[in-house]
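Observations on the three-dimensional arrangement
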Amino acid sequence: MNIQIFGTRKCNDTKKAERFFKERGIKYHFIDMKEKGMSKGEFTSVAQANGGIENMINWEGRDQDTLGLIKYIAAEDKLEKVLENPQVIKTPIVRNGKQSTLGYQPEVWKGWD
């Protein structure tokens, strides 16, 4: 297993995801979205696995001004705007090769081998 957890240090679901893998002795690599974010390729592959860009966005997030802009911006500009503002992306994003999940989903992770 090659687990990557994309999230922030303040996110409770990210902390729970880290604890899930720690308790099972599964090594993972944590990527802080505030410091590093995701590359365009990483984001695109996760978005495809999870139903598109719209599903990747936390529409209930705090930054409603940015979310409003993203909602009504032209489709071809949406990806760039989301990558510029990683705080609008749902966390944690947990990747295992081509598989990935959004949010805290231990029932899915248990099935990963």
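Here, the structure is the one placed above.
Let us look at the structure shown here. The structure presented is a predicted model; accordingly, all values stated were derived computationally and were not measured.

Turning our attention to helix α5 (residues 75-84). Among the residues of α5, those classed as buried are K78, L79 and V82. For α5, the arc enclosing every buried residue in end-on projection is 95°, short of the 170-degree limit, so these residues lie on one face. The exposed set on the far side of α5, more than 90 degrees from its buried face, consists of E76 and E84. As for α5, its buried residues are in contact with α2 (40-49), α3 (53-56) and α4 (64-72).

A few words now on the layout of surface pockets. If you add up the space inside the largest pocket, you get close to 530 Å³. Along its surface, the largest pocket is lined by 18 residues, and T8, C11, R62, Q87 and T91 are the ones closest to its centre. A per-class count over the lining of the largest pocket returns 6 nonpolar, 6 polar and 6 charged.

Relative to the helices and strands, N2 resides in the segment before β1 (3-7). Sequence separation between N2 and G37 is 35 residues, and the spatial gap between their C-alpha atoms is 18 Å.

We now examine the packing of aromatic side chains. Going through the model one piece at a time under the given rule, you end up with 4 aromatic pairs. Arranged with centres 5.0 Å apart and planes meeting at 85°, the rings of F20 and F21 form a pair that is edge-to-face. Taking the relative accessible area as the measure of exposure, F20 reaches 4% and is therefore buried. Look at F21 and you get buried, because its relative accessible area is 0%. The cationic tip of K16 hangs over the ring face of Y104; the distance from NZ or CZ to the ring centre is 4.7 Å. Its guanidinium or amino end placed over the ring of F20, R24 lies 3.8 Å from that ring's centre, counting from NZ or CZ.

Within the secondary structure, E18 is located in helix α1 (residues 12-23). E18 has contacts with I5, R9, Y28 and F30, leaving out every residue within four places of it along the chain.

Because side chains alternate across strand β3 (residues 93-96), one face comprises the buried residues I93 and R95, and the other comprises V94 and N96, equally buried. Where β3 lies against strand β4 (residues 99-102), 4 bridges are found, and the strand directions are antiparallel. Its bridge partner being in β4, V94 is matched across the sheet by T101. Linkage of β3 to β4, two consecutive antiparallel strands, is achieved through a turn of 2 residues, within which G97 is found at a positive phi near 65°.

Parameters and conventions
- Residues numbered from 1 in each chain as written.
- Predicted model: local features only at pLDDT ≥ 70, side-chain atom pairs only at ≥ 80, totals over all residues.
- Heavy atoms only, no water.
- Buried < 20%, exposed > 50% of the residue type's maximum accessible area, 1.4 Å probe, protein only.
- Helix = DSSP H or I, 4+ residues; strand = E, 2+ residues; numbered from the N terminus.
- Arc of directions from axis to C-beta.
- Contact = heavy atoms within 4.5 Å.
- 1 Å grid on protein atoms, 1.4 Å probe; cavity = no way out; pocket = protein on both sides within 12 Å on 5 of 7 lines; lining within 4 Å.
- Points joined across faces, edges and corners; volume = space filled by probe spheres on them.
- Nonpolar A, V, L, I, M, F, W, Y, C, P; charged D, E, K, R; others polar.
- Phe/Tyr/Trp six-rings, centres within 6.5 Å; stacked < 30°, edge-to-face > 60°.
- Lys NZ or Arg CZ within 6 Å of the ring centre and 35° of its normal.
- Pairing = 2+ DSSP bridges.

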